[in-house]
Amino acid sequence: MGARNAVILGCGAIGPVHAAAIAEAADAKLYGVCDIIPERSAALAGQYGCKSFTRAEDVLADPDVDTVHICLPHYLHAPMAIRAAEAGKHIVLEKPVALNAAEAGEIVRAVEKSGVTCCVILQNRFNPSVEKAKEWIDRGELGRMLGLRCILTWHRTPEYYRSEDWRGKWATEGGGLLINQAVHMLDMLYHLGGEVEAVKGTTDTRVLQDVIEVEDTAEATLYYKDGKKGFFYATNGYSGNSPFFVEMHMEKGLLRYTDNRLLLIRDGAEEVLASDSAAELGKSYWGKGHAKLVALYYRSRETGVKEYTGLSEAAASMGLLDAIYASSKSHAKETVHTY
C-alpha cells in the first residue's frame, strides 16, 4: 500500500525530530501535527505543508490517520496510547513508555486487545556503533561478557525545567534524570548486557534541588541473571553535554563506546569498529537514531517483518527504572519486575 498517514501529537522539543524522521521515511507521510498551543502546531505544520490540529480528539476521529506519534509530557503517554489503540490507530511512542511499569502494562493490554502496532522510541539501539557492538557480542568471538559500565553526564538548566510546567515533578514527569534522560542508558545496559535480575541504587538531587522535586543524579549496581555485574552512573548536573560512555569487558578484550565511536581494545591495540558521525538526525550526545528507527517501523508495517523496538523491548528499561527508584527508598537490593 502507499505511504501511511502519520500525525504527531505534541510539537514541543521532540516533535520536530519526529517530523523530520517521518519526512525522510519512504513508507510514511506527515499528514498532520497537533498541539494544544495553536501557534506551535501551526508553525510546524507550515514548515512541512501538512494539517494543523489542536485537539487530539479530532486526530483520533479522522479516518485518514493511520499512525499517531505520541510526543507528549510523560503523564499523558499511557492515557493517550490507550485512547489511540481503542481508536484503532497505530502508535509510535516516545520514551518513557509510561510513568511506571504498571501503567505500561495497561498500554500493553490495550494494544493487544485492539491489534494495532506500537513502536517505542529507543533510538540509541540503532546508532551504528551500538549495532556493531551488539553484533560482536552476539557473534561470540570475544568470549562471554564479564561486566559492563555506563556513564552519562549531561547538563539541564533551571530554565529547561521551568520552560514546561510538567517537568521536574513526580506526578507529571514520573521522576527526573532516570526516566527522562538516562532511560536510554538503562536500555543499553539491558540490550547489550542481557537480563537483569536485581539492582541496588540511589537517586539524589545534587545540583537542581532548588528547582525540581525529582532526582538529577543516580547510580546503580546491576545484578545480571548470568552472574555478571553492571555499574551505572548518570547526572544532568554536569557543566556540559557529553556523549554517553559504555564499556563491555569481554573475556578476550574490551568493547568501548566513547565519543560516538566503538573501539575494540585487545592485545594492547585499539581498533575503531564503527562511528556514529554520519548518522541521520539528532544531537550528537543523545543519539541520532530517530530517522532510522522510524523508517524501520514503517517498513516493517509493509513487509510484516518486525525490525523496530516495541513494548516488549521497552519492558526492561521500565522495570529497571522502578527497581532503582524502589532501591533508593529501601536502601536494599530490589528485584527487577517487568510488565
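The rules behind the values
Residues numbered from 1 in each chain as written. Predicted model: local features only at pLDDT ≥ 70, side-chain atom pairs only at ≥ 80, totals over all residues. Heavy atoms only, no water. Disulfide = S-S within 2.5 Å. Buried < 20%, exposed > 50% of the residue type's maximum accessible area, 1.4 Å probe, protein only. Helix = DSSP H or I, 4+ residues; strand = E, 2+ residues; numbered from the N terminus. Polar contact = N/O pair within 3.5 Å; in protein donor to acceptor, adjacent residues only side chain to side chain. Contact = heavy atoms within 4.5 Å. Core = buried A, V, L, I, M, F, W, Y, C linked by side-chain atoms within 4.5 Å. Phe/Tyr/Trp six-rings, centres within 6.5 Å; stacked < 30°, edge-to-face > 60°. Lys NZ or Arg CZ within 6 Å of the ring centre and 35° of its normal.

**Student:** Is there a simple way to think about the state of the cysteines in this case?
**Tutor:** Every disulfide links exactly two cysteines, by a covalent bond between their sulfur atoms. Within this structure, the stated rule accounts for zero disulfides. Free cysteine: C50, not disulfide-bonded; nearest cysteine sulfur from C11 at 8.3 Å. With relative accessibility at 16%, the residue C50 sits in the buried group. For C71, which is in no disulfide, the shortest distance to another cysteine sulfur is to C11 and amounts to 8.3 Å.

**Student:** Just to check I follow, could you spell out the side chain of E313 for this structure?
**Tutor:** The topology assignment puts E313 in helix α12 (residues 311-330). Reaching out from E313, the side chain makes a polar contact with the backbone nitrogen of G310 at a distance of 2.6 Å. Not counting the four nearest positions on each side in its chain, E313 is found in contact with L122, R125, D187, Y190, K306 and Y308.

**Student:** Any chance you could explain the nonpolar core here in plain terms?
**Tutor:** Nonpolar side chains in soluble globular proteins tend to be buried together. In terms of nonpolar packing, the biggest core is built from 79 residues, with L9, I91, V97, I107, F232, M248 and L255 touching the most fellow members. It is α12 that provides the largest number of residues to this core, a total of eight residues. If you look at the next biggest cluster of nonpolar residues, it comprises 25 residues, including A19, I121, L293 and Y297.

**Student:** Would you explain the packing of aromatic side chains in this entry?
**Tutor:** By convention here, two paired aromatic rings are described through the distance between centres and the angle between planes. For the structure on display, the rule yields five aromatic pairs. Judged by centre distance (4.9 Å) and plane angle (85°), the rings of Y160 and Y161 are edge-to-face. Seen from their ring centres, F244 and Y257 are 4.9 Å apart, and the 75° between their planes marks the pair as edge-to-face. Of the two residues, F244 is situated in the loop between β10 (229-235) and β11 (245-250) and Y257 in strand β12 (residues 253-258); the sequence distance between them amounts to 13 residues. Both residues of the pair, F244 and Y257, belong to the buried class. Within the aromatic cluster, the residues linked to one another by ring pairs are Y297, Y298 and Y308. The ring of W136 has R139 sitting right over it, with the charged end atom 4.3 Å from the ring centre. Sitting over the ring of Y308, K306 keeps its end group 4.8 Å from the ring centre.

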